[in-house]
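Structural overview for review
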Amino acid sequence: MKAERENLVERLFNQGYIRTKNVKKAMLKIPREKFMPPENSSYAYLDRPFPIGNGQTISAPHMVAIIAEKLELQEGMNILEIGTGWGYNAAVVGEIVGKKGHVYTIERITALAEKARDNLKKTGYSDVVTVIEGDGTTGYPDKAPFDRIYGTASAPKIPEPLKEQLKIGGKLIIPMGSDYFQELVSVQRIADDDYQTINLGGVVFVPMIGRHGWPED
Ligand code: SAM
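My aim in this report is to walk through the structure given alongside it, one point at a time. Only a predicted model underlies this, so the values are computations on that prediction, with no experimental measurement involved.

A look at the overall build of the protein chain
Looking only at helices and strands, the protein chain has six helices and nine strands in total. Taken against the 2.2 N^0.38 rule, which gives 17 Å for 217 residues, the C-alpha radius of gyration of the protein chain at 16 Å falls within 12% of a compact globule. Counting only C-alpha atoms and orienting by the principal axes, one finds that the protein chain spans roughly 50 × 40 × 35 Å. The burial tally for the protein chain puts 50% of its 217 residues in the buried class. Contacts in the protein chain between residues at least 24 apart in sequence constitute 56% of all its contacts with a sequence separation of at least 6. Carbon and sulfur atoms form 49% of the exposed surface of the protein chain, whose accessible area is close to 10300 Å². For the protein chain, the distance from the average position of its 27 positive side-chain charges to the average position of its 28 negative side-chain charges is 6 Å.

In structure tokens, the structure reads:
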């Protein structure tokens, strides 16, 4: 699997999704196959999403790379992820911020949160990544403010609590839009009440369901 991982990372680099050493190193290190159900793990190095149960998916590697690059991650950062899934993206980000930093990741589906905890433990990331079960649209005030916040599910609009839980100078990346098509949006907090929003382009994500997201059916 290591050779396949190296091939994929090389392709993502040549395609311009991976740009920096720290993202490349993390994606070379994290075994994506360990964050997928066994029936699909032999396809772990295809650049596409796969089902992880409960109607959810593990994100495609190029999307993980895009978000990691756009976040401009650095060692020691305090990070919040909304939408843990089986924990792959959180492990990649955890590898970059290292033990001086931390990733808090929120998952609303119990079975997925439990699986992610188990995967992160087995791969050696449970001291850098903490999985919280709940509605991530309200953020995680206990550990705020955050240097970076990112969502791996899409919201109808940017959840206000996430903006409020950003440090000044901090950045939030989240897919936003309708059921069928969304745009990846980057929000930088310039000052207390000053946010700069940039559209990073079209994406397709599963819905972010919660108080400041989509209603549950
Ligand atoms: N980060 C994952 C990975 O590494 O592949 C991708 C997860 S999947 C694309 C999005 C996840 O967001 C799903 O597991 C879904 O249950 C979760 N989700 C949706 N709404 C949420 C919310 N309000 N709070 C927390 N998790 C949520």
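Some details on the packing of helix α2 (residues 21–29) against helix α4 (residues 88–97)
In the contact formed by α2 and α4, the axes pass within 9 Å of each other and the chain directions differ by 130°. Taken as axis vectors, α2 and α4 run oblique relative to one another. Relative to α4, α2 is oriented so that their crossing is right-handed. Contacts between α2 and α4 pair Asn22, Val23, Ala26, Met27 and Lys29 from the former with Tyr88, Val92, Glu95 and Ile96 from the latter. In the contact of α2 with α4, the residues fall into six nonpolar, one polar and two charged.

Considering the packing of aromatic side chains
Following the criterion strictly, the structure yields four aromatic pairs and no others. Relative to Tyr88, the ring of Phe35 has its centre 6.0 Å away and its plane inclined at 65°; by these criteria the two rings are edge-to-face. Taken together, the residues Phe35 in the loop between α2 and β1 (50–53) and Tyr88 in helix α4 connect sequence positions 53 residues apart. Assessed through its relative accessible area of 5%, Tyr88 is described here as buried. In this structure an aromatic cluster arises from ring pairing among Tyr104, Tyr140 and Phe146. The ring of Phe13 has Lys24 lying over it, and the distance from NZ or CZ to the ring centre is 4.6 Å.

Points about the sheet that holds strand β4 (residues 102–107)
As summarised here, the arrangement of the seven strands in space is β5-β4-β3-β6-β7-β8-β9, forming an open sheet in which the pairing is mixed. The outermost strands of the open sheet, each flanked by one partner alone, are β5 (129–133) and β9 (194–203). Taken pair by pair, the neighbouring strands of this sheet meet at an average axis angle of 15°, ignoring direction. Here five bridges tie β4 to β5, and the two strands are oriented parallel to one another. Among the inter-strand pairings, Tyr104 is bridged to a residue of β5, identified as Thr130. Contacting β3 (78–82), β4, β5 and β6 (146–151), α4 runs over the sheet at an angle of about 165° to β4.

Describing the environment of Pro49
Of note, Pro49 is situated in the loop between α2 and β1. On a C-alpha basis, the gap between Pro49 and Val103 in space is 22 Å, while along the polypeptide they are 54 residues apart. Non-local contacts of Pro49, meaning those with residues more than four positions away in its chain, are made with Arg32, Thr57, Ile58, Ser59 and Ala60.

Let's talk about the pattern of salt bridges
For the structure shown, the criterion picks out 11 salt bridges. Among the salt bridges present, the one from Glu6 reaches Lys2, with a minimum N-O distance of 3.2 Å. On the criterion of helical spacing, the pair formed by Glu6 and Lys2 is a turn pair, its members being four residues apart in helix α1 (residues 2–14). Across the pair Glu75 and Lys100 runs a salt bridge whose closest N-O atoms are separated by 3.7 Å.

Conventions adopted
Residues numbered from 1 in each chain as written. Predicted model: local features only at pLDDT ≥ 70, side-chain atom pairs only at ≥ 80, totals over all residues. Heavy atoms only, no water. Helix = DSSP H or I, 4+ residues; strand = E, 2+ residues; numbered from the N terminus. Rg over C-alpha atoms; globule rule 2.2 N^0.38 Å. Buried < 20%, exposed > 50% of the residue type's maximum accessible area, 1.4 Å probe, protein only. Contact = heavy atoms within 4.5 Å. Areas by Shrake-Rupley, 256 points an atom, 1.4 Å probe, with all protein chains shown as cover. Lys, Arg positive; Asp, Glu negative; His and termini not counted. Charge placed at Lys NZ, Arg CZ, Asp CG, Glu CD. Axes fitted to C-alpha atoms, helices over the stretch in contact; angles between N-to-C directions. Parallel < 35°, antiparallel > 145°, perpendicular 65-115°, else oblique. Left-handed = near helix turned anticlockwise from the far one by under 90°. Nonpolar A, V, L, I, M, F, W, Y, C, P; charged D, E, K, R; others polar. Phe/Tyr/Trp six-rings, centres within 6.5 Å; stacked < 30°, edge-to-face > 60°. Lys NZ or Arg CZ within 6 Å of the ring centre and 35° of its normal. Pairing = 2+ DSSP bridges. Salt bridge = Lys/Arg side-chain N within 4 Å of Asp/Glu carboxyl O.

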